[in-house]
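# Breakdown of the fold
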Amino acid sequence: MATDYDAPRKNDDDVNEDSIEELKNRSNNRQSAVVDEDEAEAAEGFELPGADLSDEELQVRVLPAQSDEFTCASCFLVRHRSQVAREENGQFFCTDCEG
């Protein structure tokens with residue numbers, strides 16, 4: 001923003017009066033960006049379709065570790081043999097846990 005150095009300067013009283021007036025106008029014109037909403041109350045209105053899963057059982061087919069896989073002794077994830085970082089006492093550690 002350009003400043004006009006030739007313009008008459010305001011004294012301290014004028015600056016304070018202008019500032020107070022500006023602040024009053026700003027406070028009247030300003031709208032709050034924060035929404036006051038109770039999360040618990042808002043959650044009561046939502047009902048997920050088919051949300052009652054109390055009688056359901058999860059059917060998952062679990063496969064044993066394959067010959068080219070190992071279970072990391074640190075994170076316990078099944079990884080491919082190419083991700084072995086080190087072996088210690090028969091236990092394997094993956095590259096993510098070593099890095």
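The following paragraphs examine the structure supplied in this document. Given the structure is predicted, the values throughout are model-derived calculations rather than measurements.

Moving on: the overall build of the protein chain. Broken down by element type, the protein chain carries three helices and four strands. The order of α-helices and β-strands along the protein chain, N terminus first, is α-α-β-β-β-β-α. The buried share of the protein chain, reckoned over its 99 residues, is 5%. In the structure as shown, the protein chain presents an accessible area of about 9,700 Å², 47% of it carried by carbon and sulfur atoms.

Its identity as a non-glycine residue notwithstanding, Phe76 has a phi of 65°, on the positive side. Note that Phe76 resides in the loop between strand 1 (69–71) and strand 2 (78–80).

The tally for this structure, following the rule as stated, stands at one aromatic pair. Across from the ring centre of Phe92, 4.8 Å away, lies the NZ or CZ of Arg81, which sits over that ring. The ring of Phe93 is capped by Arg86, whose NZ or CZ atom sits 4.0 Å from the centre of that ring.

Let's shift gears to the state of the cysteines. Scanning all chains against the criterion turns up zero disulfides. The thiol of Cys94 is not disulfide-bonded; the next cysteine sulfur, from Cys97, is found 3.6 Å away.

Here Arg79 shows up in strand 2. Here the side chain of Arg79 touches Asp96 through a polar contact of 3.0 Å, side chain to side chain. The contact partners of Arg79, leaving out residues within four places of it in the chain, are Asp68, Glu69, Phe70, Cys94 and Asp96.

Here the focus is a negative patch on the surface. A cluster of acidic residues, Glu37, Asp38, Glu39, Glu41 and Glu44, forms a negative patch at the surface. Checked against the element boundaries, Glu41 lands in helix 2 (residues 39–44).

Let us look at the pairing of strand 4 (residues 91–94). When strand 3 (residues 84–88) meets strand 4, the two strands line up antiparallel, connected through four bridges. Across the sheet, residue Arg86 finds its bridge partner in strand 4, namely Phe93. Count of turn residues in the strand 3/strand 4 antiparallel hairpin: two residues, of which Asn89 carries a positive phi of about 55°.

Here is what the cut-offs are and how they apply
- Residues numbered from 1 in each chain as written.
- Predicted model: local features only at pLDDT ≥ 70, side-chain atom pairs only at ≥ 80, totals over all residues.
- Heavy atoms only, no water.
- Helix = DSSP H or I, 4+ residues; strand = E, 2+ residues; numbered from the N terminus.
- Buried < 20%, exposed > 50% of the residue type's maximum accessible area, 1.4 Å probe, protein only.
- Areas by Shrake-Rupley, 256 points an atom, 1.4 Å probe, with all protein chains shown as cover.
- Phe/Tyr/Trp six-rings, centres within 6.5 Å; stacked < 30°, edge-to-face > 60°.
- Lys NZ or Arg CZ within 6 Å of the ring centre and 35° of its normal.
- Disulfide = S-S within 2.5 Å.
- Polar contact = N/O pair within 3.5 Å; in protein donor to acceptor, adjacent residues only side chain to side chain.
- Contact = heavy atoms within 4.5 Å.
- Patch = residues over 30% accessible without salt bridge, like charges linked within 9 Å, V, L, I, M, F, W, Y side chains within 5 Å.
- Salt bridge = Lys/Arg side-chain N within 4 Å of Asp/Glu carboxyl O.
- Lys, Arg positive; Asp, Glu negative; His and termini not counted.
- Charge placed at Lys NZ, Arg CZ, Asp CG, Glu CD.
- Pairing = 2+ DSSP bridges.

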